[in-house]
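Residue strings, one per chain:
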Amino acid sequence: MTYNRKFATFTTFLIATACAAATPTRVVAQTCTPRPLYVSDFFYHDVLIYAASSTGDATPVATIRGGKTGLSHPSFITLDASGNLYVADEGATSIEVFAPGSSGNTPPTSVIQGKNTGLGVPFGVAVDSANIYVTDVRANSVLVYPSGSDGNVAPSATIAGSNTGLSGPSGIAIDSSGDIYVANDTNTITVYPPGANGNTAPTRIISGSRTGLIDPDGLAFDAAGNLYVANGGSGQFPKRVGSSVTVYAPLATGNTSPFATISGDLTGLDNPNGIALDPCGTIYVSSIGNNSIIEFASGSNGNVLPIRFISGVDTGLKNPFGIAIH
């Protein structure tokens, strides 16, 4: 198997279970303060930061780029509760961590890198208060490091083996209970319990013809625990069909239908990859096929127009990949 699933510069990656009833949970309406948006760009080796509520051909307010950053083909990104930025870096075979407010040619505060780390092709990254979780597409594994890890450190846990159901794992997210969700190139979402290690079978698998999963990548949760999946679609990049965002109720499993699907010409989605939500449920999606960031209102469903669309020469977007909002 070779990487990356999304770009011509790399080779494209090309368990049905019983359906369990699940009920979507409503997001409680609240007043939100607009927040800056972070986007990794795979082509330009950087992370772009846009002001809250940016739209159109918006210029980033800050860019993390340069030799000191160590960035080389960054893929997924995430932010912790303190605003530290975590970058899964395919090109550098590392996880870089940048302090809140980082900009320009600034070095990371820590770098997980080296033979002992077990990293081959780090792709997805997620964090909770105790750990850093990384998917590795070369090893078909999930590597777990304690928070604050730096240097050539061994993972504290590794989920890998024939029982795990992992295959070309990409996006990863942790729910409020500590369950670990992983998107796979077999059009499945596998779920593991907190503390999972070794050749552990998933406790749940979202898989089957009714799920709407087509090349799932980015994963995110809203405040109510509903799961959002960015589906890249099928076909040769960049002309892919079936691009969508599918939404599942908490604890969804088996061949279950999403309770909402954002797809169609009006949405502007074209090979979406990263996805993030703010506390009010606004949905932010990186769309690789048209080099844009697309935002949808909370509760969006069907062939709907976005509320904002960041795209154009001044945006600096070439291959927008991961996306995060604090």
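Each chain carries its own residue numbering, running from 1 in the written order of its sequence. Given that the model is predicted, a residue must reach a pLDDT of at least 70 before its local features are reported, and side-chain atom pairs must reach 80 or more before they are shown or counted; all residues, however, enter totals for whole chains, interfaces and linings. Where side-chain values are given, they derive from all heavy atoms of the structure, hydrogens and water being excluded.

**Notes on the sheet that holds strand S21 (residues 283–287)**
Consideration 1: Think of it this way: DSSP has to see at least two bridges between two strands before they count as a pair. Numbering of helices and strands starts at the N terminus; helices are DSSP runs of H or I of at least 4 residues and strands are runs of E of at least 2. Strand order across the open sheet formed by 4 strands is S20-S21-S22-S23, with antiparallel pairing between neighbours. In this open sheet, the two strands that pair with only one neighbour each are strand S20 (272–277) and strand S23 (308–310). Taking the axes of each pair of neighbouring strands and ignoring which way they run, one obtains an average angle of 20° across the sheet. Here the axes come from fitting lines to C-alpha atoms, over the contacting stretch only for helices, and the angles between their N-to-C directions go from 0 to 180 degrees.

**Describing the pairing of strand S8 (residues 122–127)**
Consideration 1: Relative accessibility decides the category of a residue: with a 1.4 Å probe and only protein chains considered, values under 20% of the type maximum give buried, values over 50% give exposed, and everything between is partly exposed. Counting buried positions along S8 gives 6 out of 6 residues, so the element sits mostly inside the fold.
Consideration 2: Inspection of the sheet shows S8 paired to strand S9 (residues 131–136) by 4 bridges, in the antiparallel sense. Of the residues in S9, the one forming a bridge with Ala126 is Tyr133.
Consideration 3: Two successive antiparallel strands, S8 and S9, enclose a turn made up of 3 residues.

**Observations regarding the sheet that holds strand S5 (residues 85–89)**
Consideration 1: With antiparallel pairing, 4 strands are arranged side by side in an open sheet as S4-S5-S6-S7. Edge positions in the sheet fall to strand S4 (74–79) and strand S7 (110–112), since each of these pairs with one other strand and no more. Within the sheet, the average angular offset between the axes of one strand and its neighbour, ignoring direction, is 20°.
Consideration 2: As paired elements, strand S6 (residues 94–98) and S7 share 3 bridges and run antiparallel to each other. When the sheet's bridge partners are listed, Ile95 is paired in S7 with Ile112.

**Some words on the nonpolar core**
Consideration 1: The term nonpolar core refers to a set of buried residues drawn from Ala, Val, Leu, Ile, Met, Phe, Trp, Tyr and Cys, joined through side-chain atoms within 4.5 Å. Residues Leu119, Val125, Ile132, Val134 and Tyr145 are the most contacted members of the largest nonpolar core, which totals 19 residues.
Consideration 2: Whether two residues are in contact is decided by their heavy atoms: any pair within 4.5 Å suffices. Those residues in contact with Tyr145 that sit more than four places away from it in its chain are Ile112, Thr117, Leu119, Ala130, Asn131, Ile132, Val134, Val153, Ala154, Pro155 and Ser156.
Consideration 3: Of all hydrophobic cores here, the second largest spans 14 residues; its members include Val245, Ile262, Leu277 and Phe296.

**Structural notes on the confidence of the model for the chain**
Consideration 1: Each residue carries a pLDDT score, the predictor's confidence in it, ranging from 0 to 100. A residue-level look at the chain finds 89% of positions with pLDDT of 70 or above and a mean pLDDT of 91.
Consideration 2: Note on residues 1–21: pLDDT under 50 across the span, and 75 contacts to partners over four residues away in sequence or across chains.

**Looking at the layout of surface pockets**
Consideration 1: In this analysis, the protein atoms alone were mapped onto a 1 Å grid. Cavities are point sets where a 1.4 Å probe fits without being able to get out; pockets are open sets with protein on both sides within 12 Å along at least five of seven lines; lining residues have an atom within 4 Å of a point. Grid points are joined across faces, edges and corners, and a volume is the space filled by probe spheres set on the points. Estimated volume of the largest pocket: approximately 940 Å³.
Consideration 2: If you go around the largest pocket, you meet 37 residues; those closest to its centre are Thr78, Leu79, Val127, Ile174 and Phe221.
Consideration 3: The set of elements that each furnish at least two residues to the lining of the largest pocket consists of S4, S8, strand S12 (172–174), strand S16 (216–221), S20 and strand S24 (320–325).
Consideration 4: Across the lining of the largest pocket, the residue classes break down as 21 nonpolar, 10 polar and 6 charged. For this scheme, ten residues count as nonpolar: Ala, Val, Leu, Ile, Met, Phe, Trp, Tyr, Cys and Pro. Four count as charged, namely Asp, Glu, Lys and Arg, and the remainder, Gly too, count as polar.

**A word on the side chain of Asp179**
Consideration 1: Residue placement: Asp179 occurs in the loop between S12 and strand S13 (180–184).
Consideration 2: Aside from chain neighbours lying at most four places away, what touches Asp179 is Ala173, Ile174, Val191, Tyr192, Pro193, Pro194 and Arg204.

**Considering the packing of aromatic side chains**
Consideration 1: Classification of ring pairs rests on two measures: the distance between centres of Phe, Tyr or Trp rings, Trp counted by its six-membered ring, which must be within 6.5 Å, and the angle between planes, read as stacked under 30 degrees, edge-to-face over 60 and tilted in between. All told, the structure shown has 6 aromatic pairs when counted by the stated rule.
Consideration 2: Consider the rings of Phe123 and Phe321, whose centres lie 5.5 Å apart with planes at 85°: the pair is edge-to-face. Here Phe321 lies in strand S24 and Phe123 lies in strand S8, a separation of 198 residues in the sequence. As far as the burial class goes, Phe123 and Phe321 line up, both buried.
Consideration 3: Relative to Phe221, the ring of Tyr181 lies with its centre 4.9 Å away and its plane at 80°, an arrangement referred to as edge-to-face. Taken as a pair, Tyr181 in strand S13 and Phe221 in strand S16 lie far apart in primary sequence, 40 residues in all.
Consideration 4: A network of ring pairs unites the aromatic residues Phe42, Phe76, Phe123 and Phe321 as a single cluster.
Consideration 5: Put simply, a charge is over a ring when the Lys NZ or the Arg CZ is close to the ring centre, within 6 Å, and near the line of the ring normal, within 35 degrees. Positioned above the aromatic ring of Phe43, the side-chain terminus of Lys318 is 5.2 Å from the ring centre.

**As for the pattern of salt bridges**
In a structure, side chains of opposite charge can pair up when their charged atoms sit close to one another.
Consideration 1: A side-chain nitrogen of Lys or Arg and a carboxyl oxygen of Asp or Glu constitute a salt bridge if their distance falls within 4 Å. One pass over the structure, following the stated rule, counts 3 salt bridges.
Consideration 2: Put simply, Asp179 and Arg204 hold a salt bridge, and the shortest N to O gap is 3.8 Å. Separated by 25 residues along the polypeptide, Asp179 in the loop between S12 and S13 and Arg204 in strand S15 (residues 204–206) bring together distant segments of the chain. Like Asp179, the residue Arg204 is buried in the burial classification.

**Digging into the environment of Arg65**
Consideration 1: In this structure, Arg65 sits in the loop between strand S3 (62–64) and S4.
Consideration 2: Residue Arg65 is classed as partly exposed on the basis of its relative accessible area of 41%.
Consideration 3: Leaving out residues up to four positions away in the same chain, Arg65 has contacts with Tyr44, His45, Asp46, Leu48, Gly104 and Asn105.

**As for the environment of Gly322**
Consideration 1: Topologically, Gly322 is positioned in strand S24.
Consideration 2: Taking relative accessible area as the criterion, Gly322 reaches 0% and is therefore assigned buried.
Consideration 3: Put simply, Gly322 and Asn273 are 49 residues apart on the chain and 7.0 Å apart in space, counted from C-alpha to C-alpha.
Consideration 4: Filtering out sequence-adjacent residues up to four positions away, Gly322 remains in contact with Tyr38, Val39, Ser40, Ser75, Phe76 and Ile77.

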